[in-house]
Every structure is written in C-alpha cells, then in structure tokens.
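Here is what each chain is made of, one letter per residue.
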Amino acid sequence: MVGGALAFILFVGWRCPFRMATGYPCPGCGMTRATRMLLRGDFGGATAMHPLVWIAVPIVAAILATELRGYLRTEEWGASQNLPYAKAAMIAFAGLMFVVWLIRLHAGDVVPG
C-alpha cells in the first residue's frame, strides 16, 4: 500500500494541495520532481528544483528500509520509531525545510506548478 502510493507520486505526480489552496508553494514543493530528476541522473536539475533533495532522499530511503526490515522480522510496522535520535533528526529536518522554504519565498525562487 505505502509502496504503491510512493510509486504513484514519484512516477505519475500530483498537485500540491497547499499550493492549490493558497497559491503559495509548500516547503516540500518541488521535492517529488527533484527526486525524479535525481533518479534520472540529472543532479544539477534536482538540486535546482529543491536543494534539500540530497538530505530528504537518504532519510526517506533509510526510514523505508528500516520499516521494511522491521516488518519482515516482526510483521508489524513502526520499527523506525525505535531508532535513536530519529525524532530529533526529523524535527531538525522539518526546521531546515521551513528555513529553506522562507529563503526561497523571499528570493522569489518559486518552482512552477
């Protein structure tokens, strides 16, 4: 289920509900397109689309791998919640996303919808 939703978002795409409602990009706007560019080998384009793609993709991959490993061992989800410092790392990353979002908004670096 989660893998199917992730595959749909990565390969089909979707419209940002925050941007549709407010007219402004959300902190993650461009991240899906940046990830697609990264997977195709367009590293410069990925960085330009969203500079935090280099942090977000490894974090998401690590969480997905941890969850899958935990599920295969125990048949229960939630293994990533037991990682040391995981919550603090996610809060720090969310703060970084917010700061980069504010900088991009102020600079007029709005990714096209």
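That block above? That's the structure.
Residues numbered from 1 in each chain as written. Predicted model: local features only at pLDDT ≥ 70, side-chain atom pairs only at ≥ 80, totals over all residues. Heavy atoms only, no water.

**Re unusual backbone geometry**
Keep this limit in mind: Elements are defined by DSSP. Helices are runs of H or I of four residues or more, strands are runs of E of two residues or more, and each kind is numbered from the N terminus. Residue exposure (1.4 Å probe, protein chains only): buried if accessible area is under 20% of the type maximum, exposed if over 50%, otherwise partly exposed.
Phi is positive for glutamate 75, close to 60 degrees, though the residue is something other than glycine. Along the chain, glutamate 75 falls in the loop between helix 5 (53-74) and helix 6 (86-107). At tyrosine 85, a residue that is not glycine, the phi angle is positive and equals roughly 70 degrees. Within the fold, tyrosine 85 resides in the loop between helix 5 and helix 6. Judged by relative accessible area, tyrosine 85 falls into the exposed class, the value being 72%.

**Describing helix 5**
Quick reminder of the rule: The span one expects for a helix is its residue count, reduced by one, times 1.5 Å. By definition in these notes, contact holds between two residues if any of their heavy atoms fall within 4.5 Å.
Over its 22 residues, helix 5 runs 31 Å from end to end, which matches the ideal 32 Å to within 8%, given 1.5 Å per residue. Among all positions in helix 5, only Val53, Ala56, Thr66, Glu67 and Gly70 are buried. Looking at the buried positions of helix 5, the neighbouring elements they touch are helix 3 (31-40), helix 4 (43-49) and helix 6. Positioned one or two residues after helix 5, glutamate 75 has a phi angle of 60 degrees, which is positive.

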